Structures are given as structure tokens and as C-alpha cells.
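# Geometric and topological summary
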Amino acid sequence: MASGTHWRLSPQAYYYYGPFGLLGEYAISDQGVKNSAKLRTTNLKNTAWEIAGGWVLTGEDATFNGVTPRHPFDPRNGGWGALQLVARYAELDVDKAAFPAFANPATSASGARAWAVGLNWYLNKNIRVNTSFSRTTFTGGGGASTSVPAAVTQHPEDVLFTRIQLSF
């Protein structure tokens, strides 16, 4: 259980040039924990990072605030908005000190790797429709158990994700 100080550090950097955008992020989370059954305390430091990139297929500029279509969605007047192809890769590393005193190594993942690809459709500067596919694979955990949560870490997680986002 959480006990004591908790802090996070998550610097990020981004770069945009014309229709190209790139974002990188690194995160450290340090949490004091206590195992009351074994009367043990420690600090766990988990880390993660990601890199994401995109290319606006219709030629508009990519920015930190998204894309403003040159021709907002209006099919009667030939406007279809803007399309952006995106991709991401990320990794998570759980502190080795978590096992076995604070998490069961037979059932808990010690890390994860994920990649994703997607398409963003900007109908106008305020409405975006997203579709993406993501695959996450886990390290550690699983074992021979067929019960949850051990069985979950034995197989990749595939997600098809869609959403409509409004921003003002």
C-alpha cells in the first residue's frame, strides 16, 4: 500500500515543422510503499517513456494545439477537413524492488511495451474524430495460471479506439 512521499517528474519535448509533428516524453514516479504483512517499507521508482509522431496528409501545419483545416468539413462546397496519420511507441518499467514483497511476480507484469497507429480527421478547428489501433505486450507475470490477473499478462492486449473530441 502507498505510504509516505510520492513524487513524479515528467519532462516532454515536441517539435513541429509544417505537416510533421514529433513528441517525446519520459516519466519517473517515485512512491513510498509499505507491506504491512511483512512490515517492510521502501520507495519504488517506476519509469516510462514514449515517442509519438504525426504527418498531416492534407498538408496543413501540425501544431501543439492540433490542426486547423484549410477547407473545413462542408461536403456541399468541397470541404473535407484535414487528415493526420499518427504513430506512437511507449515502454513502462516497474521497479524490480516491487517483487516479491509488494507485487506477486507470478501474476503482475514488470513491464509493458506498446505501439499504436491511427488517423485523426479534423472536421474543423473544434471537432476531431480519432481512430487508432494499439497493441501492448507485457513482460513478467503470467506463469501457468489461467486466472485473472495472471492470464491477462500472458497475451498481448489489442485495442481499437475511436472518439470524437470537441475543443474550444
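Quick note: structure is the one above.
Residue positions are counted from 1 within each chain, in the order its sequence is given. A pLDDT threshold of at least 70 governs which residues receive local features in this predicted model, and a stricter bar of 80 or more applies before side-chain atom pairs are shown or counted, although totals over entire chains, interfaces and linings include all residues. The side-chain values count all of the structure's non-hydrogen atoms but skip hydrogen atoms and water molecules.

## Examining the overall build of the chain
Where helices and strands are cited, they refer to DSSP runs of H or I of at least four residues and of E of at least two residues respectively, numbered from the N terminus. Broken down by element type, the chain carries 1 helix and 8 strands. Moving toward the C terminus, one meets the helices and strands of the chain in the order β-β-β-β-β-β-β-α-β. The C-alpha radius of gyration of the chain comes to 21 Å, more than 25% above the 15 Å expected for a compact globule of 168 residues. Taking the principal axes of the C-alpha coordinates as reference, the chain spans close to 70 × 35 × 25 Å. Counting the 168 residues in the chain, one finds 29% classified as buried. In this description, contact between two residues means that some pair of their heavy atoms is separated by no more than 4.5 Å. Taking the contacts inside the chain whose residues are at least 6 apart along the sequence as the reference set, 59% of them involve residues at least 24 apart. Surface exposure here means Shrake-Rupley accessible area, sampled with a 1.4 Å probe, where a residue is shielded only by the protein chains that are shown. As displayed, the chain offers around 10700 Å² of accessible surface, 60% of which is attributable to carbon and sulfur atoms. Here the chain holds 14 positive side-chain charges and 11 negative ones, and the gap between their average locations is 5 Å. Taken over C-alpha atoms, the radius of gyration is set against a globule rule of 2.2 Å times the number of residues to the power 0.38. In this scheme, a residue with accessible area under 20% of its type's maximum is buried, one over 50% is exposed, and one in between is partly exposed, where area comes from a 1.4 Å probe on protein chains only. Counting rule for charge: Lys and Arg are taken as positive, Asp and Glu as negative, and neither His nor the chain ends is counted. Here the site of a charge means atom NZ of a Lys, CZ of an Arg, CG of an Asp or CD of a Glu.

## Some remarks on the side chain of R128
Considering the arrangement of structural elements, one finds R128 in strand β7 (residues 127-139). Every case where a carboxyl oxygen of Asp or Glu lies within 4 Å of a side-chain nitrogen of Lys or Arg is listed as a salt bridge. No salt bridge is formed by the buried R128; the nearest opposite charge belongs to E50, separated by 12 Å. Here Y122 takes part through its side chain, which lies 3.2 Å from a polar atom of the side chain of R128. Under this definition, polar contacts are N or O atom pairs within 3.5 Å; protein pairs additionally need one hydrogen-donor-capable and one acceptor-capable atom, and for neighbouring residues in sequence, both atoms have to be side-chain atoms. Reaching out from R128, the side chain makes a polar contact with the side chain of Q165 at a distance of 2.5 Å.

## Digging into the environment of A90
Here A90 shows up in strand β5 (residues 82-93). With relative accessibility at 13%, the residue A90 sits in the buried group. Between the C-alpha atom of A90 and that of D74, which follows or precedes it by 16 residues, the distance is 36 Å. Those residues within four positions of A90 in sequence are excluded, and the remaining contacts are W49, E50, A112, R113 and A114.

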